[in-house]
Amino acid sequence: SDPGSDAQFKECITGLIASGTPYVIVNVAAVTDIDTSGLSALVSAHISMAPTATRLKLINPTLRLRHLLHVTRLDAVFDIADSEEQALAAFTGLA
């Protein structure tokens, strides 16, 4: 992944947490490849949100990304949904 993109992502997440945003949905459908830096940015976002009321959900992962998350056991860390509708329903307690 691009270090600039990772920094932008972390900055965006920090801003969302600071603003009190309750839900963050990250659409990862376009992520065809991710390296340790990209995974680290996602883990960092998750850790940053842990002591707050903000919750993170990844949506639309490709089969490759889903497999990578499984192999690294990060699928047990991240909340993953197949669609935005499914994510929103889970956040609002309708799922």
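As a starting point, this report considers the structure included with it. Since the structure is predicted, the reported quantities are computational estimates derived from the model, not experimental observations. (Residues numbered from 1 in each chain as written. Predicted model: local features only at pLDDT ≥ 70, side-chain atom pairs only at ≥ 80, totals over all residues. Heavy atoms only, no water.)

**With respect to the pattern of salt bridges**
What counts here: When a carboxyl oxygen of Asp or Glu lies within 4 Å of a side-chain nitrogen of Lys or Arg, that pair is called a salt bridge. In DSSP terms, a helix is any run of H or I states spanning at least four residues, a strand is any run of E spanning at least two, and both are numbered starting from the N terminus. Buried, partly exposed and exposed residues are distinguished by accessible area as a fraction of the type maximum, computed with a 1.4 Å probe on protein chains only: under 20%, between the cut-offs, and over 50%, respectively.
Under the counting rule described, the total for this entry stands at three salt bridges. Between R66 and D82 there is a salt bridge, and its shortest N-O distance comes to 2.6 Å. With R66 in helix α3 (residues 63-71) and D82 in the loop between β3 (79-81) and α4 (84-91), this pair connects stretches of sequence that are 16 residues apart. The class of R66 is partly exposed, set by a relative accessible area of 31%.

**Focus: the sheet that holds β3**
We count it as follows: By the convention used here, strands pair only if DSSP detects at least 2 bridges between them. What counts as an axis is a line fitted to C-alpha atoms, over the stretch in contact for a helix, and the angles between N-to-C directions run from 0 to 180 degrees. Whether two residues are in contact is decided by their heavy atoms, any of which lying within 4.5 Å being enough.
Strand order in the open sheet formed by three strands is β1-β2-β3, with parallel pairing between adjacent strands. What marks the edges here is a single partner per strand, and that holds for β1 (23-27) and β3. Neighbour-to-neighbour, the strand axes of this sheet turn through a mean angle of 30 degrees, independent of strand direction. Of the pairings in the sheet, the one linking strand β2 (residues 55-59) to β3 comprises three bridges and is parallel in character. Bridge pairing in β3 places K57 opposite D79. Against the sheet, helix α2 (residues 36-49) touches β1 and β2, its axis set at about 150 degrees to β2.

**What to know about the side chain of K57**
By the element assignment, K57 lies in strand β2. In contact with K57, other than residues within four places in its own chain, are V24, I25, V26, D79, I80, A81, A87, A90 and F91.

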